[in-house]
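Below are the chains, spelled out letter by letter.
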Amino acid sequence: MADGTPRAIRLDALAYGGDYNPDQWPESVWHEDARLMREAGVNIVSLPVFSWPQLETAPGIFDWDWLDRVIDVLWAAGIRVDLATATATPPSWLVRSHPEMLPCTEDGLRLEFGSRQAYCPSSPVWRENVARMARAMAERYGEHPALALWHVSNEYGDHVSRCWCPESSAHFRRWLEARYGDLDGLNAAWGVNVWGQRYTDWSHIEAPRRSTGPVNPTQLLDFERFSSDAMLELFQLEVDVLRAVTPEIAVTTNFMSILRDLDYWDFAAVEDLVTDDAYPDPADPLAHIPAALNYGSMRSLKGGRPWLLLEQAPSGVSWREVNVPKAPGQMRVGSLQAIAHGSDGAMCFQWRQARSGQEKFHSAMLGHRGERSRTFHEAKAFGAELSRLEPVRGTRVRSRVALVVDYDSWWGSSAAESLPSQRLSWPAQARAWHAALHALGHPVDTVRAIGPFDEYDLVVVPNLYLADDAQAAALAAFADRGGQLVVGPFAGVVDATEKVHDGGAPGPLRGLLGVEVDEPWPVPDGHAERVAFEGADAAAFANPVWGEWIEVAEGAEVLARYGSGELAGRAAITRRPAASDDGAAWYVSAVLEHDGLVALFRRVLAAAGLPARERLDLDLEAVTRADDTTDYTFVLNHGRRDITVDVPKGALDLLTGDRADRALTLGRFGAAVLATPRAEHAPFITLSATTD
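Right, let's walk through the structure included here. Remember, it's a predicted structure, so these values are computed and weren't measured experimentally.

The subject of this paragraph is the overall build of the protein chain. The secondary structure content of the protein chain amounts to 17 helices and 30 strands. In summary, the protein chain has a C-alpha radius of gyration of 26 Å against a globular reference of 26 Å for 692 residues, a match within 12%. When its C-alpha atoms are laid out on the principal axes, the protein chain stretches across 75 × 75 × 50 Å. By residue count, 60% of the 692 residues in the protein chain fall in the buried class. Residue pairs in contact within the protein chain that sit at least 24 positions apart in sequence constitute 73% of those at least 6 positions apart. Between the mean site of the 64 positive side-chain charges and the mean site of the 96 negative ones, the protein chain shows a separation of 5 Å.

As structure tokens, then:
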């Protein structure tokens, strides 16, 4: 909007539906689909994501009639459309006319047409045609009353997020020149005197293909940045066209949870509504835990605004080595989890199960058996139930804990081959820290390393390999105002050009944390050292990946020491009080396993004045959404056995209409959504003493 406020989806209820591919079916099926959609409670579908070849059968020759009729059939049934620009995959006639637009691998292999996303993001031919197609769609359907949301492309970066073709190299050179100004600036930034890599002409620089040995890490980091920016430019191109033609219609593109290859902070700033495709593995009994972090990220990308789960599997998927179906009730509790974490709806891929192609064994709301399929019966039951959650729409999740997601640190700590250990993984560390906080009862938002941190009592930084002064100042200010800050290992190592900070790690975080890292000390494969906490509740925990020789400054307290190996007796975890009497900065130089992290964060939460579950059950999840007057607490059982929890007595369960007793028992994949008057602190749900 002109005032900067994101446009809203044109839908007056929680979104429910799925991807619809009517061009895979004869027209006689469309009316039957519309009838069954209404029967299941569907109010919106996504289409026509992969239909460019059916819409533009030859250059400039459009066939709109079939899509006109489909949209009219849906709208007559009261079903709105999340209308894709159909630019997820180029038509064959475009590829064969311009084979240079196909992407290349790092080894120089030109990938062939035959799947999807068969394009180089930097290709000017691809960009020209994408803009042309987006404009044609907008001009054709921009005023149709069924249009609720624009859906740009599909899952950017799923199949192609990096390209090493000559066009990408030329684009990379332009990007570098804009960043560094001249070759002297680039050579200084890249530290080219190491291994004799000085450049004397821009044309000498290529995308970092496979070389004789380790490639310059700054070049690798810049290529990661460039590649994300190149895809963002492609997205922005379509967004600009759509907003020029239909300025009042909200725009989105479907994300893929926390994805390494694209900086979603930048993408979310361009779109109006964050949408996500989420596929937790039903064979993994703990898949809901990383899903909770993914959803926390989705709601955080636009400052806590509601987002939308645009895709999930009604049952099994088609792309794992073993595609286990969802058990009865599992789709329901998974959908409720997404809504609990801020999604204003729960949509699926796909509506009708395909009979051919790569996804014919991917489940659908309407399975191969049609109305008789199990997935349809479950989808219909959940559609009826979803209307009872209408009061939740538009509310926001209450969280006092945030986890820092920094793409430069992720890329830098994983792109280079010359790190002390390849086993120190940003995503593994982030998910492990989140899992401990989740077990202790807290939903976790995500945030940039520069904040804002105003809403939080605890901020955790699993890794900040690349740190600068602005980040250090923001983190210090958070601790100084009374917050608890926890920073993980290998932090503050390098600057924005991959140069080690003067004096070594933690660089600009040194004063904040009160430590200096003399040397990283990774643990050899097959070994597991120990870290021992000090104090009244002393205990030792495994440390199988990483350690550091650290020197502790005056004023910082040692909370745990290495209990084995060459570092035995040396500080492992420290705490430095901040300017505020209440705030502190904690440094964790080891990579603890789950039990050790639970013990650590139990202490941290106590210091932050936040509750923690005494008794842990990884199947239990509780998340509160709220408006100005009411807390809506989702209590979810992700397991197959009964769980009994303590809840506010008399709370209204929106799903059943009943008032809760003090002890609430949830059966297999059970759920309750409890409405209570908004309190100063969100309800904190714990296991009941009556639980076995």
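Next up on the list: the nonpolar core. By size, the foremost hydrophobic cluster in this structure holds 176 residues, and its most contacted members are Y264, L509, I573 and F601. Element by element, the count of residues in this core is highest for helix α5 (residues 124-141), at 8 residues. The residues contacting Y264, other than those within four sequence positions of it, are F255, M256, S257, L259, M298, L301 and Y407.

Sheet strands pair by backbone hydrogen bonding; their relative direction is either parallel or antiparallel. Across the sheet, which stays open at both edges, the 9 strands sit in the order β7-β6-β5-β2-β1-β11-β10-β9-β8 with parallel pairing between neighbours. Strand pairing shows two members of the sheet lacking a second neighbour, β7 (251-252) and β8 (254-255), which therefore form its edges. Bridging between strand β6 (residues 147-151) and β7 involves 2 bridges; their strand directions are parallel. Counted as the bridge partner of W150 is V251 from β7. Packed onto the sheet, helix α10 (residues 288-300) meets β8, β9 (275-277) and β10 (307-311) and runs at close to 130° relative to β10.

This paragraph deals with the side chain of S589. Structurally, S589 can be placed in the loop between β23 (584-588) and α17 (594-607). For S589, a relative accessible area of 0% translates into the label buried. In terms of polar contacts, S589 uses its side chain to reach the side chain of Y562, at 2.6 Å. Only 2.7 Å separates the side chain of S589 from the backbone oxygen of A572, close enough to count as a polar contact.

Here the focus is helix α8 (residues 217-245). In a regular helix each residue adds 1.5 Å, so 29 residues correspond to 42 Å; α8 covers 43 Å between its end C-alpha atoms and thus fits that length. For α8, the capping residue at the N-terminal end is N216, with a side-chain oxygen 2.9 Å from the backbone nitrogen of T218.

Note that an α-helix has 3.6 residues per turn; residues three or four places apart therefore point the same way. For helix α14 (residues 426-439), which comprises 14 residues, the first-to-last C-alpha distance of 20 Å matches the rise-based estimate of 20 Å (1.5 Å per residue) to within 8%. Taking burial as the measure, the 14 residues of α14 include 10 buried ones, the bulk of the element. Along α14, the residues classified as buried are W426, Q429, A430, W433, H434, A435, A436, L437, H438 and A439. Once α14 finishes, G441 follows within two positions and takes phi at roughly 105°, a positive value.

Okay, the packing of aromatic side chains next. Inspection of the entire model under this criterion finds 30 aromatic pairs. Ring geometry for W175 and F226: centres 6.2 Å apart, planes at 70°, overall edge-to-face. Of this pair, W175 sits in helix α6 (residues 166-180) while F226 sits in helix α8; the two residues are 51 residues apart in sequence, bridging distant segments of the chain. Through a chain of ring-to-ring contacts, the aromatic side chains of Y156, F235, F255, Y264 and F267 assemble into a single cluster. Directly above the aromatic system of W25 lies the positively charged group of R352, at a separation of 5.2 Å from the ring centroid.

It is worth spelling out the pattern of salt bridges at this point. Counted by the stated rule, this structure contains 40 salt bridges. In this structure, the salt-bridge partner of E233 is R127, at a minimum N-O distance of 2.8 Å. Remark: R127 occurs in helix α5 and E233 occurs in helix α8; sequence separation between them is 106 residues. Judged by relative accessible area, R127 falls into the buried class, the value being 17%. Salt-bridge contacts for D261 lead to R162; the nearest nitrogen and oxygen are separated by 4.0 Å. Taken together, the residues D261 in the loop between β8 and α9 (264-270) and R162 in the loop between β6 and α6 connect sequence positions 99 residues apart. We note that D261, like R162, is buried.

Calculation notes
- Residues numbered from 1 in each chain as written.
- Predicted model: local features only at pLDDT ≥ 70, side-chain atom pairs only at ≥ 80, totals over all residues.
- Heavy atoms only, no water.
- Helix = DSSP H or I, 4+ residues; strand = E, 2+ residues; numbered from the N terminus.
- Rg over C-alpha atoms; globule rule 2.2 N^0.38 Å.
- Buried < 20%, exposed > 50% of the residue type's maximum accessible area, 1.4 Å probe, protein only.
- Contact = heavy atoms within 4.5 Å.
- Lys, Arg positive; Asp, Glu negative; His and termini not counted.
- Charge placed at Lys NZ, Arg CZ, Asp CG, Glu CD.
- Core = buried A, V, L, I, M, F, W, Y, C linked by side-chain atoms within 4.5 Å.
- Pairing = 2+ DSSP bridges.
- Axes fitted to C-alpha atoms, helices over the stretch in contact; angles between N-to-C directions.
- Polar contact = N/O pair within 3.5 Å; in protein donor to acceptor, adjacent residues only side chain to side chain.
- Expected span 1.5 Å × (residues − 1).
- Phe/Tyr/Trp six-rings, centres within 6.5 Å; stacked < 30°, edge-to-face > 60°.
- Lys NZ or Arg CZ within 6 Å of the ring centre and 35° of its normal.
- Salt bridge = Lys/Arg side-chain N within 4 Å of Asp/Glu carboxyl O.

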